[in-house]
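Chain and residue survey
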Amino acid sequence: MIQYPISRADLEARIEQAVPGWLARAAQRTAGFKDQGKYAESSTIWSEVKPVYMDLQGCKCVYCESKQEAVEFGKVAQDVEHFRPKGRVSAWKAPARLIKQSAISITPPPGGDTGYYLLPYHPFNYSAACKPCNSVLKKDYFPIAGNYMLNGDDPAQLRQEQPLLIYPLGDFDTPAEQLIGFHGVAPLALAQHGYPRARALVTIEFFKLDDVAKRKNLFRERAMVIVALFPQLCAEADGTGTAASRKIIQGCTALQSGHSNCARSFQTLFQRDRAAAQAIFEAAADFVASIS
């Protein structure tokens, strides 16, 4: 996971350019939800802006950073993900070991079929997510450590809920890469204690970002990034780098490249401890060669 920084004004400008009039239609629908005190509609319009988020994220999943096809062919493989659920919030059962590791309690959601009914069309409640992350794992869960504010209409103000999932799009939340880093192909919490550590641990567990059995393709993709990156880093460090090696490094670590947080973490490790980076490279090469 990595942050895609953008202001609300710039995001809305992209939306308006892509789908003129969408923001006005969205505001009208939101006013209706406010009058009803709940989310209720017979048709939706958020799929119209899916390409905006796909382009912003480099056509990769906002959570696992897996690379998807470009918009024309990739729309079917990605969902418009509502960060805060629109219709209802279900209780997510955290593993006991996670509660112990994070030293934090998770607030039970209110009962009933009420979600964040004023946010179904808020531009900062969207992202593009792969179907495993959204349809299989995210669903209508939204664990927090504070108090639910289901009538909230501004995601930036709703930070006081203390959400335990990291929101990586925008300019109002802690950058994801400051909370989650990588040691080789494995994600880890960077903070040692407190709410920042809890957010990282919950996000990693929630999206199974460290589960090699259930998400082996993610691990394989990360390993392949490391295998591609290490020789180029060596060449640059040894003074034998070329324009091609620099392009590969730039490509692997670019924001919109797949698993760029993993790549940047590995580059940082290489600069600090080349021997440790080589050991990880060799393990990654073995993993690529062995996994089916």
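Scroll up to find the structure this text is about.
Residues numbered from 1 in each chain as written. Predicted model: local features only at pLDDT ≥ 70, side-chain atom pairs only at ≥ 80, totals over all residues. Heavy atoms only, no water.

Describing the packing of aromatic side chains
Following the criterion strictly, the structure yields 19 aromatic pairs and no others. Ring geometry for Tyr63 and Phe207: centres 4.1 Å apart, planes at 20 degrees, overall stacked. Here Tyr63, found in the loop between α3 (50-56) and α4 (71-74), pairs with Phe207, found in the loop between α8 (194-206) and α9 (216-238); they are 144 residues apart in sequence, far enough to count as distant. The buried category is assigned to Tyr63, whose relative accessible area is 0%. An angle of 75 degrees between the planes, with centres 5.9 Å apart, marks the rings of Phe230 and Phe270 as edge-to-face. One end of the pair, Phe230, is in helix α9; the other, Phe270, is in helix α11 (residues 260-272), and 40 residues separate them in sequence. (Phe/Tyr/Trp six-rings, centres within 6.5 Å; stacked < 30°, edge-to-face > 60°. Helix = DSSP H or I, 4+ residues; strand = E, 2+ residues; numbered from the N terminus. Buried < 20%, exposed > 50% of the residue type's maximum accessible area, 1.4 Å probe, protein only.)

Notes on the nonpolar core
Of all hydrophobic cores here, the largest spans 67 residues; its most connected members are Leu11, Trp22, Tyr53 and Tyr63. Secondary structure elements with two or more residues in this core: α1 (8-18), α2 (22-36), α3, β2 (126-130), α6 (131-138), α7 (176-179) and α8. At six residues, α8 tops the list of elements feeding residues into this core. Look past the residues within four positions of Trp22 in its chain and what remains in contact with it is Ile15, Glu16, Ile45, Trp46, Glu48, Val49, Tyr121 and Tyr126. (Core = buried A, V, L, I, M, F, W, Y, C linked by side-chain atoms within 4.5 Å. Contact = heavy atoms within 4.5 Å.)

Re the pairing of strand β4 (residues 186-189)
Covered by surrounding structure in β4 are Pro187 and Ala189 only, the residues Ala186 and Leu188 on the alternate face being uncovered. Of the strand pairs in this sheet, strand β3 (residues 180-183) and β4 are connected by four bridges, and their pairing is antiparallel. Considered in β4, the bridge of His183 is made with Ala186. Linking β3 back to β4 in an antiparallel pair, the connection comprises two residues, with Gly184 at a positive phi of about 65 degrees. (Pairing = 2+ DSSP bridges.)

Some remarks on α9
For α9, which comprises 23 residues, the first-to-last C-alpha distance of 33 Å matches the rise-based estimate of 33 Å (1.5 Å per residue) to within 8%. The largest bend in α9 is about 25 degrees, located at Leu229, with the proline Pro231 one to four residues further on. Those residues of α9 that sit buried are Leu218, Phe219, Arg222, Ala223, Val225, Ile226, Leu229, Phe230, Gln232, Leu233, Cys234 and Ala235. Its buried side turned inward, α9 meets β3, β4, α10 (243-253), α11 and α12 (274-290). The first or second residue beyond α9 is Gly239, which carries a positive phi of 80 degrees. (Expected span 1.5 Å × (residues − 1). Bend = angle between axes of the 7 residues up to and from the residue.)

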